[in-house]
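Residue-level listing of the chains:
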There are 6 protein chains.
Amino acid sequence: MDLKLIEGFLDEYLNVHGFTDTSTNGLQVEGSHDVEKIAFAVDASMQSFTYALECEAEMLVVHHGIIWNGVDRITGLLKERLKFLLENELSLYAAHIPLDAHPEIGNNAMILRYIGVEPEDRFGDYKGTKIGYAGYANSEFEEILEILEDRFGEVGYMKFGDDYVEKIAVVSGRGAGYIEEAKKEGVDLLITGEIEHSAYHTAKDCAMNIIYLGHYNSETPGVKALMNIAGDKLGVEVEFLDIPTDL
Amino acid sequence: MDLKLIEGFLDEYLNVHGFTDTSTNGLQVEGSHDVEKIAFAVDASMQSFTYALECEAEMLVVHHGIIWNGVDRITGLLKERLKFLLENELSLYAAHIPLDAHPEIGNNAMILRYIGVEPEDRFGDYKGTKIGYAGYANSEFEEILEILEDRFGEVGYMKFGDDYVEKIAVVSGRGAGYIEEAKKEGVDLLITGEIEHSAYHTAKDCAMNIIYLGHYNSETPGVKALMNIAGDKLGVEVEFLDIPTDL
Amino acid sequence: MDLKLIEGFLDEYLNVHGFTDTSTNGLQVEGSHDVEKIAFAVDASMQSFTYALECEAEMLVVHHGIIWNGVDRITGLLKERLKFLLENELSLYAAHIPLDAHPEIGNNAMILRYIGVEPEDRFGDYKGTKIGYAGYANSEFEEILEILEDRFGEVGYMKFGDDYVEKIAVVSGRGAGYIEEAKKEGVDLLITGEIEHSAYHTAKDCAMNIIYLGHYNSETPGVKALMNIAGDKLGVEVEFLDIPTDL
Amino acid sequence: MDLKLIEGFLDEYLNVHGFTDTSTNGLQVEGSHDVEKIAFAVDASMQSFTYALECEAEMLVVHHGIIWNGVDRITGLLKERLKFLLENELSLYAAHIPLDAHPEIGNNAMILRYIGVEPEDRFGDYKGTKIGYAGYANSEFEEILEILEDRFGEVGYMKFGDDYVEKIAVVSGRGAGYIEEAKKEGVDLLITGEIEHSAYHTAKDCAMNIIYLGHYNSETPGVKALMNIAGDKLGVEVEFLDIPTDL
Amino acid sequence: MDLKLIEGFLDEYLNVHGFTDTSTNGLQVEGSHDVEKIAFAVDASMQSFTYALECEAEMLVVHHGIIWNGVDRITGLLKERLKFLLENELSLYAAHIPLDAHPEIGNNAMILRYIGVEPEDRFGDYKGTKIGYAGYANSEFEEILEILEDRFGEVGYMKFGDDYVEKIAVVSGRGAGYIEEAKKEGVDLLITGEIEHSAYHTAKDCAMNIIYLGHYNSETPGVKALMNIAGDKLGVEVEFLDIPTDL
Amino acid sequence: MDLKLIEGFLDEYLNVHGFTDTSTNGLQVEGSHDVEKIAFAVDASMQSFTYALECEAEMLVVHHGIIWNGVDRITGLLKERLKFLLENELSLYAAHIPLDAHPEIGNNAMILRYIGVEPEDRFGDYKGTKIGYAGYANSEFEEILEILEDRFGEVGYMKFGDDYVEKIAVVSGRGAGYIEEAKKEGVDLLITGEIEHSAYHTAKDCAMNIIYLGHYNSETPGVKALMNIAGDKLGVEVEFLDIPTDL
């Protein structure tokens, strides 16, 4: 299948040009125009590039690409990565915020549905656009924790709020900066990927519950869901490359 | 002692207005003008405010304050914190980047000296200013790890580089974004506070060694050193409030 | 009544987030959530805060608040004012441009109607939005002056244009910078609040008539009208605090 | 004398390109290159242009010119003024902030010296540069008021501070926005040109004394002093055009 | 006819305020309000001003005016040109990008129609707006070259692509910077006005065909077509001033 | 020789980081670290890349590189060029403004010296830095034209000024935008590389003489002079690749 067709489908399905983002979304590196298989991974890295090649993909779709805020020089790490991609004619396509925010297959909507909650309200302002989702449950904190551990293995949490949880918001990846917005919006539990030092006292002083799944874990749902859509709609072979970072 | 004198001393000693920073550095909240005791802590929070009051300080000096990128509204968490400070006439003074970057008592210079390395080169570009330090050792990675664990307890690391370490760079707090600069500058080991997902593949593909002490741990040295200087030079009573976040 | 309900009503009625403004519009300082009485004043000041408290209001709504272009430090005058508000749990809500520009209860529309003129055209570009109003009369300059003096007491004027006045534009407060726009739009009389030196030669060289009511006078109509609306719609007690500056 | 020589002298003497300003400082409109007489006025206007012509000047130097923030179109008032200048080959030279801030012949230094105070400290931040001056007196407020009224006629004032005045700051023209800086710097009396509504409560709540001379009055000293210097140094005929606005 | 009516007609017909441009579009210099004849030219210059006067026009409409990116000073060349216009009360109206981009009488649409191709797709991104046009032919490169030479005289070309041409894009004036966009959009032939050094290797490496008509030649079609519309709709006398630059 | 040493020498000799430029100056693409021969060319292109390889260079130094204003995507032409460079481990180093402006081996200083004129004054403001040079001759325009034609072959010119030429300014490449600055600085002849339509009337109305050597021609002197310096100082083999564009 022609790379242009795949690029066109993904650009439109993900509304790739509709978001302000530090990531260059869409086709970052152009490879072979004849694509029979697409690999999907959370992160662009020498490892995911090598795996993509090994599984005979001509294109790799990732959540975290290699071009952020534009580039000035093709040197060092970028040079090595680009050389590998170009020598092997492996295309690299990135979908960062568009894959977090997507109402159907976005990381945030997916995680909410995992715990049986319908994504009802947009949540999580990023440069003027809401990239997360919130919904309404009738659960104990412990129940939700259990469901998430069933799926993602051991997860981290800070329990500074009530046992009983009604409104739940999700911002995958690095979403610990949304505690104050969560408080303001009446959220009882914020689910995110990665925790950070600066979140501790904010959560405590806001009496907010937080569950953090790991950055990697929180962003596999969107990548996998996109893979399934792409496989179905485009009729190309697809494969998910699982390269966890434990972070 | 008059608050103005203390403010003047700290502003000058730390060159507080000489850095571009998202933190408002210097006096963030004005309290009582009569200061007999200054408390020092890494983070501004209801807990450090309360402890400061309990130990009868009229002023609290922190690395992480409560005003970042300016504020528009005194609502929510900020309102609660400000109300507490103002009702108790407790002054809040913040030194963020100036306390990382200081050549004598900065977090980065201090950590390098802990491991017996003289801070020789500036390192770690932040908005045009180098905020970290680098120096030269002749050590095994394991030796340095041991010294740091002796002092800070269990620390994390990623060992993707050589066993033998010559050039070491330190950027306290969230410094995992400096891996590529470290690679370019010939650094063998980057010491920082907090690790993050995005650092994993970068470190791996750059074959970089990283030791992370924890964000909190990595920023106590500067705060404590500043406390000692202030106590000596100003002749006021001082006290360090230890409120670790385990992050 | 819950502060959140009042805030929500005012935000929507005034379209508070629909304007680019140097003022933080909306809730500037959060006080008690239980509001039984709202005081209204043109200016935030220690005097209006004290009066608000004396008349037992839990909330003060003003045209000129205390946060402009954001704030970096809670020191000096801002510290004193905030301390007073927070200690007394008095909320402060500001509506600057939204209260000038409102088609129903805005200062400019109200002043036009005082002189029997229907606000027909938007006028007065402020950062891309028209904040004033213009309309059509068939009057002598002297007649209009008389009507305005009847209502506002002695007012100032510069009469460089014709005796007979057809098109009239109003920009309350400091609107003397709109003389050239007035000329271009065929306005015969510009009504504003405060005059300024730089307007003198512009008005003279443009042969423009100007009447200036005083900054304070020109901005009471909107505040009072908003008070009446709020009293009616919310069913809370309201009171206007008259603290003229003679400017 | 060649216009280029005069332009060069003024540019250098006033350090005309050393200030960030909304005014285009220096030669705004180029007229005849043969200059025998220079007229000086506070404001550019049809009146000062006409007077300049009547007194047979080929060049007019003003504090307030006709180009602010650049211009896009030569229409309306600007067209009329430019047409007059170009048809009569009358050059227009403007010195705005450079004439306020000048240490010798600046408005602010001059006014301080009128009341017998040496300009010691820079004061009044404008886009990063201090444009005013402060100095130290040992006077009663009333005495200073008297001296200023002797020279400038009736002047306005707000007396919210002490009777006894030590530190005095001057910012000519529209300087009422410097009250909080004055408070912070320990100023007892702020002298400016034009008062404005927004200054009233700020002055009151800061307990600051203000004397306002009128915008026009406060900016004649610099213009006249520059005239004398230019007359002396360049040996051309000079004349001051007095066109007060009573503002 | 009143200048305001003509200005209003042109502003609306050309959607003059709908484009981001370095040119001030619309009325640049205001002259006599009584217009009986309008001259049209590609460039504003002393020559086109003189010709306009000689043919007794009160208004000159051009593609390239005299105000770009605003102006700060009325000196040198600008002074001379403005003086001439103002002394002779000759109005100057400029339409730059709006005249390239217009779907009916724009330079780009007109040139496409000359070679028998209907302008179907917008092409040529300029600050976020497409200013050119593309359409579809079934021709030999040589045929198109011939048609263009018949109309414009000798034209330049670079033939790095195929003999057979299907998709053709036109960006008049300086459009040689659009080669890569042309390649990406599947264009076989790019027609523009002026060639430049930097286009040579880009065209060669993109295997793109380029025909360049001359900057002047490529921008007469829009000016003449606008003249005809203005003559018809406004009923004023019009005349085209042909002042080629051979560039 | 190690690429890092060469990069370091060129960066320092050319003060490569001392200029604001749309070009990324310095190493744009990193290739083999072992450099025995450096090729030099005016333009980066598939042709200069191929020639560099054919002459067995490991590094190519150019005036016009392939990265301008940063890049977001590695697609299309950039992908092809990068792929070629990376696959062949050919380094690309660009020096744009630094090579125009250099006092010793810069294009502008070199061209002035060709015609026997010492570069005395900096000339030609580009984003706040003067990038060209001016000097003083005592010549007829025709004499200078002859000297330049002797060296560069047929060159273009516009002779709107005097026959006798005293002050001469040079801005290589696209320097026709400096006519008004030339006029203001008393320049009698402006020498540049490429002419453009917009220069015609400006030159004519400014009565300025212009000689244009061709963009390519005007920028070979600096490239060749840099080559000689690099060969001498670094002791590596060097070769100039002559690929004229006739533009």
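The name recorded for chain A in an unreviewed UniProt entry is Nif3-like dinuclear metal center hexameric protein, from Geoglobus acetivorans. UniProt annotates chain A under Sequence similarities (unreviewed entry) with the comment "Belongs to the GTP cyclohydrolase I type 2/NIF3 family."

A.B. asks: Outline the arrangement of the chains, supporting the account with residue identities and numerical values.
C.D. replies: Spatially, chain A and chain D are disjoint, and the shortest separation between their C-alpha atoms is 27 Å. If you take every C-alpha in chain B and every C-alpha in chain E, the smallest gap between them is 27 Å, and the two do not touch.

A.B. asks: An account of the pattern of salt bridges is needed here, citing residue identities and associated values.
C.D. replies: Oppositely charged side chains can form a pair if their charged atoms are brought close together. According to the stated counting rule, one finds 72 salt bridges over all chains in the structure shown. When the shortest N-O distance is used, the salt bridge between K79 of chain A and E89 of chain F registers 2.9 Å. On the criterion of chain membership, the pair formed by K79 of chain A in helix α3 (residues 76–87) and E89 of chain F in the loop between α3 (76–87) and β4 (91–94) is interchain, its members lying in two chains. By relative accessible area, which is 3% here, K79 of chain A ends up buried.

A.B. asks: Give me the lowdown on the packing of helix α2 (residues 46–54) of chain E against helix α3 (residues 76–87) of chain E, citing residues and values where you can.
C.D. replies: All names here are of chain E. Across the interface, α2 lies against α3 with an axial gap of 10 Å and an inter-helix angle of 10°. Comparing the axis directions of α2 and α3 gives the class roughly parallel. Across the interface between the two elements, M46, F49, T50 and L53 of α2 pack against E80, R81, F84 and L85 of α3. Class assignment of the residues belonging to the contact of α2 with α3 gives a composition of five nonpolar, one polar and two charged.

A.B. asks: Can you tell me about the packing of aromatic side chains, naming the residues and giving the values?
C.D. replies: All names here are of chain D. Inspection of every chain in the model, using the stated rule, returns 36 aromatic pairs over all chains. On the basis of an interplanar angle of 65° and a centroid distance of 5.7 Å, the ring pair of F141 and Y157 is categorised as edge-to-face. Of the two residues, F141 sits in helix α6 (residues 141–152) while Y157 sits in strand β7 (residues 156–159), which places them 16 residues apart along the sequence. Judged by relative accessible area, F141 falls into the buried class, the value being 1%. By relative accessible area, which is 42% here, Y157 ends up partly exposed. Judged by centre distance (5.7 Å) and plane angle (85°), the rings of F160 and Y200 are edge-to-face. Note that F160 is positioned in the loop between β7 and β8 (164–171) and Y200 in helix α8 (residues 197–206), a separation of 40 residues in sequence.

A.B. asks: Can you explain the interface of chain B and chain C? Please cite residues and give values.
C.D. replies: Each partner contributes to the interface: chain B provides 23 residues, whereas chain C provides 23 residues. Around 2000 Å² of area is buried between chain B and chain C when both sides are counted, 49% of it from carbon and sulfur atoms. Per-residue buried area on chain B facing chain C is highest for R73, I74 and L86 of chain B; these three make up 28% of the total on that side. One can count four salt bridges joining chain B with chain C.

A.B. asks: Tell me about the domain arrangement of chain A, residues and numbers included.
C.D. replies: Residue and element names in this part refer to chain A. According to the domain assignment, chain A consists of domain 1 (3–95) and domain 2 (101–215). For domain 1 and domain 2, the distance between their C-alpha centres works out to 29 Å. Contacts between the two partners involve eight residues from domain 1, matched on the other side by nine residues from domain 2. Between domain 1 and domain 2 lies a buried interface of about 670 Å² when both sides are counted; carbon and sulfur atoms form 61% of it. Three residues, Y13, F19 and T20, lead the burial of domain 1 against domain 2; their summed loss comes to 57% of the area buried on that side. Counting every contact that joins domain 1 to domain 2 gives zero salt bridges. Scanning the region where domain 1 abuts domain 2 turns up two residue pairs in polar contact (both at pLDDT 80 or more). For the side of domain 1 that touches domain 2, the residue count by class is three nonpolar, four polar and one charged.

A.B. asks: Describe unusual backbone geometry, and please don't skip the residues or the numbers.
C.D. replies: Phi at N69 of chain B takes a positive value of approximately 55°, unusual for a residue other than glycine. Non-glycine residue E56 of chain E carries a positive phi angle of around 70°. Secondary-structure assignment places E56 of chain E in the loop between α2 and β3 (59–64).

A.B. asks: Describe the environment of G116 of chain E, listing the residues and the values that go with them.
C.D. replies: Residues and elements named next belong to chain E. Relative to the elements of secondary structure, G116 occurs in the loop between α5 (107–114) and β5 (121–126). On the accessibility criterion, G116 (66% relative accessible area) is exposed. Distance from G116 to H96, taken between C-alpha atoms, is 25 Å for residues 20 residues apart in sequence.

A.B. asks: Go over the pairing of β4 of chain F with me, naming the residues and quoting the values.
C.D. replies: Residue and element names in this part refer to chain F. Every second residue of β4 is oriented toward a common face, with S91 and Y93 on one face and L92 and A94 on the other, all of them buried. Relative to β4, strand β1 (residues 26–29) runs antiparallel, the two being bridged by three bridges. Directly across from V29, in β4, lies its bridge partner L92. Judged from the four bridges that link them, strand β3 (residues 59–64) and β4 form a sheet pairing that is parallel.

A.B. asks: Kindly report on the sheet that holds strand β6 (residues 129–140) of chain D, identifying the contributing residues and their values.
C.D. replies: All names here are of chain D. Read from one edge of the open sheet, six strands run β5-β6-β8-β9-β10-β7, paired in mixed fashion. The open sheet has two edge strands with one neighbour each: β5 (121–126) and β7. Put simply, the sheet's adjacent strands are angled 25° from each other on average, direction ignored. As paired elements, β6 and β8 share six bridges and run antiparallel to each other. In the strand pairing of β8, E140 is matched with Y164.

A.B. asks: Account for helix α6 (residues 141–152) of chain E, with residues named and values stated.
C.D. replies: Residue and element names in this part refer to chain E. Here α6 is 12 residues long and its end C-alpha atoms lie 16 Å apart, about the 16 Å a rise of 1.5 Å per residue gives. The complete set of buried residues in α6 reads F141, I144, L145, L148 and F152. End-on view of α6: buried residues confined to an arc of 100°, all on one side of the axis. Relative to its buried face, α6 has exposed residues pointing more than 90 degrees away, namely E146 and D150. Once α6 ends, the next one or two residues include G153, with phi positive near 80°.

A.B. asks: I'd like a description of the relation of the copies chain B and chain C, backed by residues and values.
C.D. replies: With an RMSD of 0.0 Å, the operation that places chain B on chain C is a rotation of 180° combined with a shift of 0.0 Å along the axis. On the angle and the small slide along the axis, the relation comes out as a two-fold axis. Mapped onto chain C, 100% of the interface residues of chain B again fall at the interface, so both copies present the same surface.

Conventions adopted
Residues numbered from 1 in each chain as written. Chains lettered and ligands numbered in written order. Predicted model: local features only at pLDDT ≥ 70, side-chain atom pairs only at ≥ 80, totals over all residues. Heavy atoms only, no water. UniProt positions renumbered as here; feature names shortened; annotations may be inferred. Contact = heavy atoms within 4.5 Å. Salt bridge = Lys/Arg side-chain N within 4 Å of Asp/Glu carboxyl O. Helix = DSSP H or I, 4+ residues; strand = E, 2+ residues; numbered from the N terminus. Buried < 20%, exposed > 50% of the residue type's maximum accessible area, 1.4 Å probe, protein only. Axes fitted to C-alpha atoms, helices over the stretch in contact; angles between N-to-C directions. Parallel < 35°, antiparallel > 145°, perpendicular 65-115°, else oblique. Nonpolar A, V, L, I, M, F, W, Y, C, P; charged D, E, K, R; others polar. Phe/Tyr/Trp six-rings, centres within 6.5 Å; stacked < 30°, edge-to-face > 60°. Buried area = accessible area lost by both parts, 1.4 Å probe. Domains from an automatic or database assignment. Polar contact = N/O pair within 3.5 Å; in protein donor to acceptor, adjacent residues only side chain to side chain. Pairing = 2+ DSSP bridges. Expected span 1.5 Å × (residues − 1). Arc of directions from axis to C-beta. Least-squares fit on C-alpha atoms with pLDDT ≥ 70 in both.

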